[in-house]
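Structural characterization, general
Spelled out from the first residue to the last, the chains are:
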Amino acid sequence: MIDIREILVRIFSAIFLSMCTGSCMFVFWMALRKFFADKIRPKVYDLILKIILIAYYVPAGYLLVNIFFDNGYVFDFTGTIIKAFYAISLFWLAGAIATVLKFGERTFRIRREKERCFPCKMYVQKIFEDCKRELGIRRSIEVLQGYRIQIPMTAGILKPCVFLPVEDMEEEQLKTCIYHELTHYKKHDIFWNYIACLMVCIHWYCPWIRTVFRKNDEWSEVICDLSAIGYVGSAKRYFTTIFEMSQKSQGIKAYRAACLFESRDSLEQRIYYAMMYRKQKKIKYAAVIAMTVIFCGMSVTSILAASKGYQKAYTKWVQETEVEIEEPDDEEEERISYEEKTGVLGNDKSETIKKINFKKMDAMTLETYVKAGKRLRYRYKGLTPKRNENIEIFITSQKNFKGIKVGIIDSQNRIRYIQDRGRDLVEHRFKIEKEGKYDVFIEMEDKKDVKIVGMINIDDD
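Notes on the structure follow.

Rules of the game
Residues numbered from 1 in each chain as written. Predicted model: local features only at pLDDT ≥ 70, side-chain atom pairs only at ≥ 80, totals over all residues. Heavy atoms only, no water. Axes fitted to C-alpha atoms, helices over the stretch in contact; angles between N-to-C directions. Helix = DSSP H or I, 4+ residues; strand = E, 2+ residues; numbered from the N terminus. Parallel < 35°, antiparallel > 145°, perpendicular 65-115°, else oblique. Left-handed = near helix turned anticlockwise from the far one by under 90°. Contact = heavy atoms within 4.5 Å. Nonpolar A, V, L, I, M, F, W, Y, C, P; charged D, E, K, R; others polar. 1 Å grid on protein atoms, 1.4 Å probe; cavity = no way out; pocket = protein on both sides within 12 Å on 5 of 7 lines; lining within 4 Å. Points joined across faces, edges and corners; volume = space filled by probe spheres on them. Core = buried A, V, L, I, M, F, W, Y, C linked by side-chain atoms within 4.5 Å. Buried < 20%, exposed > 50% of the residue type's maximum accessible area, 1.4 Å probe, protein only. Pairing = 2+ DSSP bridges.

On to the packing of helix H3 (residues 60-67) against helix H11 (residues 285-321). Helices that pack against each other are described as a pair by the angle of their axes relative to one another and the distance between those axes. The N-to-C vectors of H3 and H11 enclose an angle of 55 degrees; their axes lie 9 Å apart at closest approach. As the angle between them shows, H3 and H11 are arranged oblique. Handedness of the crossing formed by H3 with H11: right-handed. Counted together, Ala60, Gly61, Leu64 and Val65 of H3 and Ile303, Leu304 and Ser307 of H11 form the full contact between these two elements. The residue inventory of the contact of H3 with H11, partitioned by class, reads five nonpolar, two polar and no charged.

Now for empty space enclosed by the protein. In the structure shown here, the tally under the stated rule is three cavities of 30 Å³ or more. Size it by volume and the second largest cavity reaches roughly 50 Å³. For the second largest cavity, the full set of lining residues is Lys121, Tyr123, Val124, Gln145, Val166, Glu167, Asp168, Met169 and Leu174. Tallied by class, the residues present in the lining of the second largest cavity amount to five nonpolar, one polar and three charged.

When a protein is soluble and globular, its nonpolar side chains tend to lie buried together. One finds Trp29, Tyr45, Ile52, Tyr56, Trp219 and Phe295 to be the most contacted residues of the largest nonpolar core, which totals 37 residues. For this core, the element with the highest residue contribution is helix H1 (residues 4-36), accounting for eight residues. With residues up to four places along the chain from it excluded, the contact list for tyrosine 56 reads Ser18, Met19, Gly22, Ser23, Phe26, Met199, His203, Trp208, Ile209 and Val212. Counting 28 residues, the second-largest nonpolar core is a separate cluster that includes Cys120, Ile141, Ile178 and Val232.

We now examine the packing of helix H6 (residues 171-186) against helix H8 (residues 209-232). Their axes nearest at 9 Å, the elements H6 and H8 cross at an angle of 130 degrees. Between H6 and H8, the angle is such that the two are oblique. The element H6 and its partner H8 pack so that their crossing is right-handed. Taking contact as the criterion, the partners of Thr176, Tyr179, His180, Thr183, His184 and Lys186 in H6 are, on H8, Ser220, Glu221, Cys224, Asp225, Ser227, Ala228, Tyr231 and Val232. Its residues placed into classes, the contact of H6 with H8 shows five nonpolar, six polar and three charged.

Attention shifts here to the pairing of strand E4 (residues 161-165). Of all five residues making up E4, five are buried, and the element is well covered by its neighbours. Burial along E4 is two-sided: Cys161, Phe163 and Pro165 facing one way and Val162 and Leu164 facing the other are all buried. Summarising the sheet, strand E2 (residues 142-146) and E4 pair through five bridges and their orientation is parallel. Paired with glutamate 142 across the bridge in E4 is cysteine 161. Alignment of strand E3 (residues 153-155) against E4, held across three bridges, turns out to be antiparallel. Bridging across to E4, methionine 153 finds its partner in phenylalanine 163.

Nothing here speaks to function; it is geometry throughout.
See the structure below:
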């Protein structure tokens, strides 16, 4: 049966660790971009930024903790931890819903504006088709005009559409706007815009997540500017057109679209980058290789550090909030009887053997984890009970057992064992009918690890 509490812990652990991964990579990107400045083509910076967006979705840290750093405590839970995760889930859900509604409202607005638009004039359609052909775009793209559209913009993934203002523009201005918007389509900027929006919805609690979102927009525009200028032929004419549009738009933000202009600050930065990168004469491969190696090395190191740190912090949290389980009092609690089963030990389980010295009349205590689908076998030196003596095994856990076997193994590899009753306690005495050497085994058939505390003893009661 699926435990919703464990799923909750794992989900939010994965979300948190993916946020740590993406954020570390973004900080490295910011630092390296300033250090290398114009030594590297902007397309490289933009490509790395797209990788960072994906990193916010990939739970690399969670996989490391789950596969390599799992010490049995990670993703375990106590009453305190579950209460905390319930509170976290409600807090996260409220913020996620609010962010989704915000972006959803903007998407709805652009769809509503599309209904109010109308087809462009024939000469605009002709110029649009000529620009498409020049950019090598074959897909049918709708081009519309609307009275409420103040700046050219592109929207839609499945049904892409370019929106233009109704006002008459000179042919050069019109081409500049169309080149810019079609370049956005060619670079799949609307798709990446939606990826960034979903990233903000998931990690809305992260204080710098909107900076990541904004940088994605900025660098999409920079790459688009550099490409479009090549078709327009003049950076001065290109940015003059954008500046004229900015005087009319008054800084109106796009909805879920890529637009020609968003703010004067971003326009100044775009002009600066365009002028700086247009002066690049050749690719400095040494700088590209150096930045790639440094970025990858720092990213891998940060993922490992974040994963290990989370494992240690979570382990300490579990240990500090664990409630010690009291042994049941035989006088107050009725002993549950188990039906013994017999068989021959098979080799179908991965087995771990622990060799331990055992002295008669001494109780051997256990405190360990039994891995899912594994068998833990204790090979005791000196565990040779006589006939009519008992090997008493007491096993307990904070969680109810699901699919645990506890038993003894004789020298002929024959086993006697009991299976759990869905409780958090297994206690049984195996009466010895033939003197000899015996091992004790604990086998977990469930699909998750279980921490156990127990005791093994020989008595003659």
